[in-house]
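Structural overview
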Amino acid sequence: CTYIEVEQAGETHAVVLSRPAWLWGAEMGANEHGVCIGNEAVWGREEVADDEALLGMDLVRLGLERANTAEKALTVIVDLLEKYGQGGNCMESHMAFTYHNSFLIADRKEAWVLETSGKYWAAEKVEGGVRNISNQLSITTKIDREHPELREYAKSKGWWDGEKEFDFAATYSYVNTARMTTSRGRYCEGYKLLNKHKGSISSEIMMEILRDKESGINMEGGFMTTGSMVSVLPQEPGLPCVHYFTGTPDPERSVFKPFIFVPNITPLLKTSSPTFGPDDPVRKQPRFQTKPDRRHELYKKHESAAVVMDTTKEKGKKILEELRKLEKQKISEMESILQNSCLDTSQAANLFAQCVEEELKLY
């Protein structure tokens with residue numbers, strides 16, 4: 001994995017990942033069985049371990065590689081957490097940046113939220129409506145699975161008296177759970193945006209929400225949104241799952257490009273970052289002594305276009321309009337596939353790579 005090795009599984013599934021280029025895991029991704037996982041940093045009362053163990057992003061990838069349902073992915077993650085723990089620097093830098101992790105895990109039939117504090121965890125099965133995670137614990141009193149010592153440990157630390165109803169977020173962090181969905185913040189703003197469209201959320205609406213800057217969902221500044229993903233998971237098993245990835249920062253000026261798991265997929269070379277093998281500064285001790293150029297081809301072109309958009313407004317506007325037109329065309333093609341069950345697997349094998357080529361031409 002990023003810092004440590006774990007035993008290999010007997011069988012692994014095909015995965016597509018959106019990941020920081022320097023590490024082994026992923027921020028989010030999907031596998032061939034329609035399992036999707038996204039990850040967020042969370043903090044609470046439990047100190048974060050600096051020891052190198054599994055990053056939350058390693059756990060995203062391991063869950064996708066080793067499970068064919070959402071609940072099995074949850075089990076994979078908590079078993080690995082118990083055995084190896086979580087910890088290590090989450091930034092390609094001398095400065096240490098560490099956190100606990102929360103996960104949104106879904107497949108065609110169900111969805112789970114898994115939130116952790118050190119090796120302790122709670123999981124909530126999403127029974128309906130909308131659900132989001134952000135940079136805070138959000139599971140309160142509805143706990144469907146939990147670490148066997150979750151409550152005892154909280155009692156031993158004096159965080160819970162064992163009498164009042166157990167509220168995971170309130171106990172393991174400093175969050176006032178009564179005000180969670182009303183206070184300003186990314187969690188609350190995301191919840192509001194999802195609720196506004198409850199019952200009619202399409203892939204386009206989801207992309208619109210991920211592009212929202214005012215809410216802080218689309219982050220700017222020191223921590224910016226560097227990749228975005230939207231997945232459509234039809235409950236009808238005969239229909240393919242469609243996963244849209246930007247592969248570039250700031251979804252406001254990125255194209256959500258479709259990906260479908262089929263045999264013989266064209267290699268995604270222009271959105272794959274270079275690798276440096278054992279010479280990678282992340283692999284060597286002491287770590288992070290130098291920082292190589294990890295940008296892939298699409299990233300470089302996207303970066304140049306961003307400069308044009310900022311400096312030459314007219315030209316920038318035209319590029320953006322063309323990018324949106326390309327995206328709309330792809331969404332419409334995907335909707336046609338989902339409505340008419342007419343997937344041409346040989347075309348789908350080139351779907352993402354072809355869209356990247358079209359985007360590069362527009363730049």
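- In the annotation of an unreviewed UniProt entry, the entry for the protein reads Secernin-3, and the organism field reads Tinamus guttatus.

1. A word on the overall build of the protein
- A tally of helices and strands in the protein yields ten helices and ten strands.
- For a compact globule of 363 residues, the expected C-alpha radius of gyration is about 21 Å, and the protein comes in at 21 Å, within 12% of that figure.
- C-alpha atoms of the protein, sized along the principal axes, occupy 60 × 50 × 45 Å.
- Considering the protein as a whole, with its 363 residues, one finds that 49% of them fall into the buried category.
- Total accessible area computed for the protein in this model is approximately 17,700 Å², and 49% of it derives from carbon and sulfur atoms.
- Side-chain charges in the protein split into 45 positive and 55 negative, and the spacing between the mean points of these groups amounts to 4 Å.

2. Things to note about helix H1 (residues 56–66)
- Here H1 lies mainly inside the structure; eleven of its eleven residues are buried.
- Turning to H1, its buried residues are Gly56, Met57, Asp58, Leu59, Val60, Arg61, Leu62, Gly63, Leu64, Glu65 and Arg66.
- Looking at the buried positions of H1, the neighbouring elements they touch are strand S1 (15–18), strand S2 (28–31), strand S3 (36–42), helix H2 (70–84) and strand S4 (100–106).

3. What to know about the domain arrangement of the protein
- According to the domain assignment, the protein contains domain 1 (1–201) and domain 2 (203–362).
- Residue-level contacts link 35 residues of domain 1 with 36 residues of domain 2.
- Interface of domain 1 and domain 2: buried area, both sides summed, is about 3,000 Å²; carbon and sulfur atoms make up 66% of it.
- Sorting the residues of domain 1 by area buried against domain 2 places Glu92, Arg108 and Arg186 first, and these three jointly supply 25% of that buried surface.
- Linking domain 1 with domain 2 are two salt bridges.
- Glutamate 52 is paired through a salt bridge with arginine 287; the nearest N and O atoms lie 2.7 Å apart.
- Along the contact surface separating domain 1 from domain 2 lie ten residue pairs in polar contact (both at pLDDT 80 or more).
- At the level of elements, S1, S2 and helix H5 (186–196) are the ones that each hand at least two residues to the side of domain 1 that touches domain 2.
- Sort the elements by how many residues they give to the side of domain 1 that touches domain 2 and H5 lands first, with five residues.

4. So, the UniProt feature "coiled-coil region" (unreviewed entry) in the protein
- Within this structure's numbering, the places UniProt gives as "coiled-coil region" (unreviewed entry) are residues 309–340.
- As annotated, residues 309–340 has a helix share of 97% and a strand share of 0%, and its two end C-alpha atoms lie 38 Å apart.

5. With respect to the environment of serine 341
- With respect to the secondary-structure elements, serine 341 resides in the loop between helix H8 (313–340) and helix H9 (345–348).
- Accessibility expressed as a relative area gives 54% for serine 341, which makes it exposed.
- A C-alpha to C-alpha distance of 7.7 Å links serine 341 and glycine 238, two positions 103 residues apart in sequence.
- Ignoring sequence-local partners within four residues, the contact set of serine 341 consists of Leu239 and Ser336.

6. Considerations on the packing of H1 against H2
- In the contact formed by H1 and H2, the axes pass within 8 Å of each other and the chain directions differ by 130°. As the angle between them shows, H1 and H2 are arranged oblique. Like other packed secondary-structure pairs, H1 and H2 cross with a definite hand, here right-handed. Note on element contacts: H2 touches H1 through Ala73, Val76, Ile77, Leu80 and Leu81, opposite Leu59, Leu62, Gly63 and Arg66.
- Counted by class, the contact of H1 with H2 contains seven nonpolar, one polar and one charged residues.

7. Some thoughts on the pairing of S3
- With seven of seven residues buried, S3 is to be regarded as a mostly interior element.
- Residues of S3 alternate between two faces, with Cys36, Gly38, Glu40 and Val42 on one and Ile37, Asn39 and Ala41 on the opposite face, all of them buried.
- As paired elements, S2 and S3 share three bridges and run antiparallel to each other. From the neighbouring strand, glycine 29 faces S3, where its bridge partner is isoleucine 37.
- The hairpin turn running from S2 into S3, its antiparallel successor, is four residues long, and glycine 34 in that turn takes a positive phi close to 80°.
- Both S3 and S4 contribute to a ladder of seven bridges, which runs antiparallel. Bridge pairing in S4 places cysteine 36 opposite alanine 106.

8. As for the sheet that holds strand S7 (residues 145–146)
- Read from one edge to the other, the open sheet built from seven strands follows the order S1-S2-S3-S4-S5-S6-S7, with strand pairing classed as antiparallel. Each edge of the sheet is formed by a strand with only one pairing partner; in this case those strands are S1 and S7.
- Strand direction decides the pairing type here: S1 and S2, joined by four bridges, are antiparallel. Bridging from a neighbouring strand, serine 18 pairs with methionine 28 of S2.

9. What to know about the sheet that holds strand S8 (residues 229–232)
- Strand order in the open sheet made by the three strands is S8-S9-S10, with antiparallel pairing throughout. Two strands in the sheet have a free side with no partner beyond their single neighbour: S8 and strand S10 (257–259). Averaged over neighbouring strand pairs, the angle between their axes works out to 25° when direction is ignored.
- With three bridges joining them, strand S9 (residues 242–245) and S10 adopt antiparallel strand pairing. In the sheet register, tyrosine 244 faces S10, and the bridge partner there is proline 258.
- Seen against the sheet, helix H10 (residues 351–362) touches S9 and S10 and runs at an angle of roughly 165° to S10.

Each value, and the rule that gives it
- Residues numbered from 1 in each chain as written.
- Predicted model: local features only at pLDDT ≥ 70, side-chain atom pairs only at ≥ 80, totals over all residues.
- Heavy atoms only, no water.
- Helix = DSSP H or I, 4+ residues; strand = E, 2+ residues; numbered from the N terminus.
- Rg over C-alpha atoms; globule rule 2.2 N^0.38 Å.
- Buried < 20%, exposed > 50% of the residue type's maximum accessible area, 1.4 Å probe, protein only.
- Areas by Shrake-Rupley, 256 points an atom, 1.4 Å probe, with all protein chains shown as cover.
- Lys, Arg positive; Asp, Glu negative; His and termini not counted.
- Charge placed at Lys NZ, Arg CZ, Asp CG, Glu CD.
- Contact = heavy atoms within 4.5 Å.
- Domains from an automatic or database assignment.
- Buried area = accessible area lost by both parts, 1.4 Å probe.
- Salt bridge = Lys/Arg side-chain N within 4 Å of Asp/Glu carboxyl O.
- Polar contact = N/O pair within 3.5 Å; in protein donor to acceptor, adjacent residues only side chain to side chain.
- UniProt positions renumbered as here; feature names shortened; annotations may be inferred.
- Axes fitted to C-alpha atoms, helices over the stretch in contact; angles between N-to-C directions.
- Parallel < 35°, antiparallel > 145°, perpendicular 65-115°, else oblique.
- Left-handed = near helix turned anticlockwise from the far one by under 90°.
- Nonpolar A, V, L, I, M, F, W, Y, C, P; charged D, E, K, R; others polar.
- Pairing = 2+ DSSP bridges.

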